[in-house]
Amino acid sequence: MSKKFLWSSYDKGRTFRTIRHRSKRTHEYDFETAVQLRKKVFLIILVLILFYLSYLFFYSKYFRITFLNISGQSETPTEEIESLIWQTLERHSLSIFPGDNYFLINIKRIQKKFDEQGLLVEIEVKKDFPHTLNINLKDRLGQIVWISNEQFYVVNLAGVAEKQLPIKELVNVKYPVIYDLSNTTFDLNDKLVNEQLIDLILKVYTTFGSYELPVIELDHFKVDGPEANYVKIVTKQGFEIHVNYLLSFESQMNKLRKSLVAGKIDLNKINYINLRIENQVIYK
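Below or above, wherever it landed, is the structure these notes cover. Everything numeric here is computed off the predicted structure, so don't read it as measured data. (Residues numbered from 1 in each chain as written. Predicted model: local features only at pLDDT ≥ 70, side-chain atom pairs only at ≥ 80, totals over all residues. Heavy atoms only, no water.)

### Thoughts on helix 5 (residues 195–207)
For step 1, the next point in the chain: Over its 13 residues, helix 5 extends 18 Å from the first C-alpha to the last, a length consistent with the 18 Å expected when each residue adds 1.5 Å.
For step 2, the next point in the chain: Within helix 5 the residues assigned to the buried category are L197, I198, L200, I201, L202 and V204.
For step 3, the next point in the chain: Structurally, the start of helix 5 carries an N-cap: the backbone nitrogen of Q196 is 3.0 Å from a side-chain oxygen of N194. (Helix = DSSP H or I, 4+ residues; strand = E, 2+ residues; numbered from the N terminus. Expected span 1.5 Å × (residues − 1). Buried < 20%, exposed > 50% of the residue type's maximum accessible area, 1.4 Å probe, protein only. Polar contact = N/O pair within 3.5 Å; in protein donor to acceptor, adjacent residues only side chain to side chain.)

### Re the pattern of salt bridges
Between side chains of opposite charge, a pair can form as their charged atoms come close.
For step 1, the next point in the chain: Counted by the stated rule, this structure contains four salt bridges.
For step 2, the next point in the chain: Put simply, K222 and E240 hold a salt bridge, and the shortest N to O gap is 3.7 Å. Of the two residues, K222 is situated in strand 8 (residues 218–223) and E240 in strand 10 (residues 240–244); the sequence distance between them amounts to 18 residues.
For step 3, the next point in the chain: The exposure class of K222 is partly exposed, given its relative accessible area of 25%.
For step 4, the next point in the chain: Two residues, D224 and K232, come together in a salt bridge whose shortest N-O distance is 3.1 Å.
For step 5, the next point in the chain: Using a relative accessible area of 34% as the deciding quantity, one classes D224 as partly exposed.
For step 6, the next point in the chain: Its relative accessible area of 14% is what places K232 among the buried residues. (Salt bridge = Lys/Arg side-chain N within 4 Å of Asp/Glu carboxyl O.)

### Concerning the packing of aromatic side chains
For step 1, the next point in the chain: Per the stated rule, a full pass over the model turns up ten aromatic pairs.
For step 2, the next point in the chain: Through successive ring pairs, a cluster of aromatic residues spans F57, F63, Y102, F103 and F129.
For step 3, the next point in the chain: In this structure, K127 is placed above the aromatic ring of Y102, and the distance from its NZ or CZ to the ring centre is 4.8 Å.
For step 4, the next point in the chain: Against the face of Y230 rests R276, its NZ or CZ located 3.9 Å from the ring centre. (Phe/Tyr/Trp six-rings, centres within 6.5 Å; stacked < 30°, edge-to-face > 60°. Lys NZ or Arg CZ within 6 Å of the ring centre and 35° of its normal.)

### Comments concerning the sheet that holds strand 3 (residues 132–139)
For step 1, the next point in the chain: Here we have three strands laid out as an open sheet, ordered 1-3-2, and mixed in their pairing. Every other strand in the sheet has two partners, leaving strand 1 (67–72) and strand 2 (121–128) as the edge strands with one partner each. Strand-to-strand twist of the sheet, defined as the mean angle between neighbouring strand axes without regard to direction, takes the value 20°.
For step 2, the next point in the chain: Pairing analysis gives eight bridges linking strand 2 to strand 3, with the strands arranged antiparallel. Counted as the bridge partner of V125 is I135 from strand 3.
For step 3, the next point in the chain: Lying over the sheet, helix 3 (residues 78–90) contacts strand 1 and strand 3, oriented at roughly 135° with respect to strand 1. (Pairing = 2+ DSSP bridges. Axes fitted to C-alpha atoms, helices over the stretch in contact; angles between N-to-C directions. Contact = heavy atoms within 4.5 Å.)

Interpretation in functional terms is not warranted from these geometric data alone.
Written out as structure tokens, the structure reads:
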């Protein structure tokens, strides 16, 4: 006897299990909140530490320059040099940090300040932790002061005008001073002066005293133009000595010395001595 399959009884027997998501318990929410709170506290503490360290190292008095030790030789008075340095240190570094901070001292800015004031001085700076700057001064070598058309320029060994000096008088300056009688005008960074002429001027300036010429002292120089092959040495006694770079400077000075020792030239009655002609000393 076959059994009847009743769909109604089958439908009643089917059951569907509903998947229910387990909700977080209270202690789980508390744990996540605590973790987030600790992160915030850690971040706040880190910011405060960074702020404190920034203040300590960059703004506090513990790392501020308060002493200057200046050594070396320069024609510029020490008081003027100190004043310029302090003025530079008063300026802020990167617009926000104190310029006198030990860690942020800008040496190039100090040198630039000297250059802007027309001081031909090179500086060597060493820091002495935590409050002192040791500054060694030395006159800048290998440059001349070129005066043309009432303008003062610094010219380097290559004959290039590096900068214009903001001064109108040079007193007791230990650099070769040359007056350009042609009043040549030029722009900065232009190659102006013949390099051989510069070499001659520097040789005269550095060795003139070694020839021990009787009662003759070097004062300044004159040239007829920046391309001239000779220079006029103007003495403190008022007369000029003309030398060129076509002949050996040593030979020109030696023949002058021989003439002076022999008493052939009365220095009180001359306007110039011309040494540019070989084996001759011409004076007027």
